[in-house]
Amino acid sequence: MFVSIPSRDKPGLRWAVPLLFAAIWLAFLWSISRPDEARRSLWMDWGALSTGLGNPQDWWAALRDGSVLRLFTALFLHADWSHLLGNLVFLLIFGLPAERVLGPWRLLLLFLLGGAAANLAALYAMGSPDQIIIGASGAVSALLGAYLALFPGARLGVVLPLGLFLEFVRAPAYLLIGVWAALQVVFAYIGPSFGMVAWSAHLSGFLFGIVYGLYVRAAIARRLRKRHGF
């Protein structure tokens, strides 16, 4: 998949996506260097647990002891190579053009808040107690939602295998991302690895990203109108 967005403006320094990429990559390398038992202990200590935030007292306790931060630290932990690489590829494809519009700080805020909100939604959606939620999938889904809100008319280049040949085609972003979002709804109930993949986190992060992108796009438009005096 390729994204091309022409612009006459000189792009500023984009450091948020490379920083997130490096942090996720280094966290994974550190985790796989540990023995299996130590790695599972790391997930238990820093991943988001599916219990513990069921009432206001639990929230207050989590805020006091800092365990609420596990909603954020879980974003940088991944179970295996396929889990890691899938998220990193989508982070680059959709994060870099989004950062050009949002700026690094807004992009970083979107990733962290969207990922934490997605993890929180997954905590309440999962029925089994004491399951661990890890991975940046919810945060990356928020990037997809923001991309759709920021670039509704964009077209994505996709390479399709047609028999013995590869065909490069362009399709509307809303169509491809819409199909992806619909699959998240289906997979949340009957999907592959049901109970092992937090599909509800993907969908929640995606909706968060759409709302965030629409709000920021309106704020940017107001700032430009003010700057030009209309």
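Definitions and limits used
Residues numbered from 1 in each chain as written. Predicted model: local features only at pLDDT ≥ 70, side-chain atom pairs only at ≥ 80, totals over all residues. Heavy atoms only, no water. UniProt positions renumbered as here; feature names shortened; annotations may be inferred. Axes fitted to C-alpha atoms, helices over the stretch in contact; angles between N-to-C directions. Helix = DSSP H or I, 4+ residues; strand = E, 2+ residues; numbered from the N terminus. Parallel < 35°, antiparallel > 145°, perpendicular 65-115°, else oblique. Left-handed = near helix turned anticlockwise from the far one by under 90°. Contact = heavy atoms within 4.5 Å. Core = buried A, V, L, I, M, F, W, Y, C linked by side-chain atoms within 4.5 Å. Buried < 20%, exposed > 50% of the residue type's maximum accessible area, 1.4 Å probe, protein only. Expected span 1.5 Å × (residues − 1). Salt bridge = Lys/Arg side-chain N within 4 Å of Asp/Glu carboxyl O. Patch = residues over 30% accessible without salt bridge, like charges linked within 9 Å, V, L, I, M, F, W, Y side chains within 5 Å. Areas by Shrake-Rupley, 256 points an atom, 1.4 Å probe, with all protein chains shown as cover.

You'll find the protein entered in an unreviewed UniProt entry as Rhomboid family transmembrane protein, with Stenotrophomonas acidaminiphila given as the organism. The heading Subcellular location (unreviewed entry) in the UniProt record of the protein holds the text "Membrane".

Caption draft 1: Layout of the packing of helix 5 (residues 81-102) against helix 6 (residues 104-125). It is the contact of helix 5 with helix 6, at a shortest axis distance of 7 Å, that shows an interaxial angle of 135°. By the criterion of interaxial angle, the relationship of helix 5 to helix 6 is oblique. The crossing of helix 5 and helix 6 is right-handed. Here Leu91, Gly95, Ala98, Glu99 and Leu102 of helix 5 lie close against helix 6, whose contacting residues are Pro104, Arg106, Leu107, Leu110 and Phe111.

Caption draft 2: Examining the nonpolar core more closely. In this structure, Ile24, Leu91, Leu102, Leu107, Leu110, Phe111 and Tyr147 are the most contacted members of the largest nonpolar core, which totals 40 residues. Mapped by element, the contributors of at least two residues to this core are helix 1 (16-32), helix 5, helix 6, helix 7 (137-150), helix 8 (173-190) and helix 9 (199-227). In terms of residues, this core owes the most to one element, helix 7, which gives nine residues. With near-sequence residues (within four places) excluded, Leu102 lies in contact with Leu107, Leu110, Leu150, Tyr212 and Val216.

Caption draft 3: Inspection of helix 6 at higher detail. Here helix 6 spans 31 Å end to end across 22 residues, near enough to the 32 Å set by a 1.5 Å rise per residue. Three or more residues of helix 6 are buried, namely Pro104, Leu107, Leu108, Leu110, Phe111, Gly114, Gly115, Ala116, Ala118, Asn119, Ala122 and Leu123.

Caption draft 4: Molecular detail of the pattern of salt bridges. The final tally for this structure, using the stated rule, is two salt bridges. Linking Arg39 and Asp36 is a salt bridge whose minimum nitrogen-to-oxygen distance equals 3.4 Å. Here the residue Arg39 and the residue Asp36 both occupy positions in helix 2 (residues 36-46), the gap between them amounting to three residues, near one helical turn. Given the relative accessible area of 47%, Asp36 is considered partly exposed.

Caption draft 5: Representation of a nonpolar patch on the surface. Taken together, the side chains of Leu26, Leu29, Ile32, Trp81 and Leu85 define a hydrophobic patch exposed on the protein surface, amounting to about 440 Å² of accessible area. Residue assignment for the nonpolar patch shows that the elements contributing at least two residues are helix 1 and helix 5. With three residues, helix 1 is the largest single contributor of residues to the nonpolar patch. Relative to the helices and strands, Leu85 resides in helix 5.

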